[in-house]
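What follows is the residue order along each chain.
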Amino acid sequence: MRSPGAEPRRAAPPEPTTAVPRHALRAAPTRVRGYRLLGALGIVLSFVAGLLAGPMLGIDPGRPSDADAATVATVTAPPAPVATSPTLAPASASASAPAEDAESGPPECDGAKDTRRTTTARKTPFTVCGVALINKEHRVSAAYSPKLVTVDVRANGIPKVLLQPVAGTALKKLFAAAARAGHTLVVRSSYRSYATQAYWYATMNKQRTAPAGASEHQSGLAVDLAGIANGALVHGTTLARSAIGKWLVKNAPKYGFILRYPSDQAALTGIVYEPWHFRYVGIDVAKGVVATKTKTLEQYLRET
Ligand SMILES: [Zn+2]
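If you're wondering where the values come from, they're calculated on a predicted model, not measured in any experiment.

Visitor: Break down the environment of Lys 113 for me, with residues and values.
Guide: When you line up the elements, Lys 113 lands in the loop between helix H4 (81-103) and strand S1 (127-128). For Lys 113, a count of 9 C-beta atoms within 10 Å puts it in the exposed group. The spatial distance from the C-alpha of Lys 113 to the C-alpha of Arg 302 is 9.8 Å, given a sequence separation of 189 residues.

Rendered as structure tokens:
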């Protein structure tokens, strides 16, 4: 996130060496100045005539015509350096506005429409305000394969933990924090390819498993977690009632993870309660979901 201070500075306006025109004006012969005076008088007279004629012609004098706007632009335009500053100011102010919004709290999100119509387009996930949203309504194709890294954390039932680098780094911090709090976490599932998901869907509970292309495990941003307590695996619905499960719900957002499928939200998420499935969304969004007491990512992103 860029801070307003980090806004790239625009090139400084030209030095007032452009006093040349002024100097030239001063040095101009009296006759030239006389012509300029006459010209200025002509402009004033035609302006007054326009004011008088306006009502007769049905022109609203309150609304400057295009010609007026052009005149104003000419008058306030460079070369005078004083005039160049206001010209630059609005551009730099509008450029820094989003950064200020982003710093004031969780980013405001007005939703988005999924315009990916083809399988080729679905090679990248539907993204709302920078957050990938993958569900039965917004699927990805078999060609979607994010960059993955092996994450050095404890796994159970899988050979290795594969996640997108940003999620992997965050997960390691989450595991370290859990350890400091006296809990042992393990990953039971991380990245799953389209083909693996197709196999799982064919063989598993359809209410708990998304069809291929509709699982966010294919994004490498989701993990199924469990705990180990007294040498035994704490997993499934037991996790929700356990101390480690409660610790997770409370602390995962600090590291950018949210409980993705809360209870009684299947109508919105398409998946029944899964106390083990956590999704990396970034710290700002995770904290935003908590702060706004929003239950699902679909609602938080105002999916349309
Ligand atoms: Zn899962």
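From this point, the narrative continues.
Visitor: Tell me about the nonpolar core, and please be specific about residues and values.
Guide: In this structure, Leu 171, Phe 257 and Ile 258 are the most contacted members of the largest nonpolar core, which totals 45 residues. No other element matches helix H5 (residues 165-180), which puts six residues into this core. When neighbours within four sequence positions are excluded, Leu 171 is seen to be in contact with Val 151, Val 153, Leu 163 and Val 223.

Visitor: Can you break down the pairing of strand S6 (residues 222-229) residue by residue, with the values?
Guide: Across the eight residues of S6, six count as buried, placing the element largely inside the fold. One ladder, built from five bridges, connects strand S5 (residues 184-189) with S6; its direction is antiparallel. Counterpart to Thr 184 in the pairing with S6 is Ile 228. Sheet topology note: the S6/strand S9 (residues 274-280) ladder contains three bridges and is antiparallel. Across the sheet, Ala 222 pairs through a bridge with Arg 279, a residue of S9. Hairpin geometry of S6 and strand S7 (residues 232-234) is characterised by an intervening segment of two residues between the two adjacent antiparallel strands and by a positive phi of about 55 degrees at Asn 230.

Rules used in this analysis
Residues numbered from 1 in each chain as written. Predicted model: local features only at pLDDT ≥ 70, side-chain atom pairs only at ≥ 80, totals over all residues. Helix = DSSP H or I, 4+ residues; strand = E, 2+ residues; numbered from the N terminus. Buried ≥ 20, exposed ≤ 12 C-beta atoms within 10 Å, placed from the backbone. Core = buried A, V, L, I, M, F, W, Y, C linked by C-beta atoms within 7 Å. Contact = placed C-beta atoms within 7 Å. Pairing = 2+ DSSP bridges.

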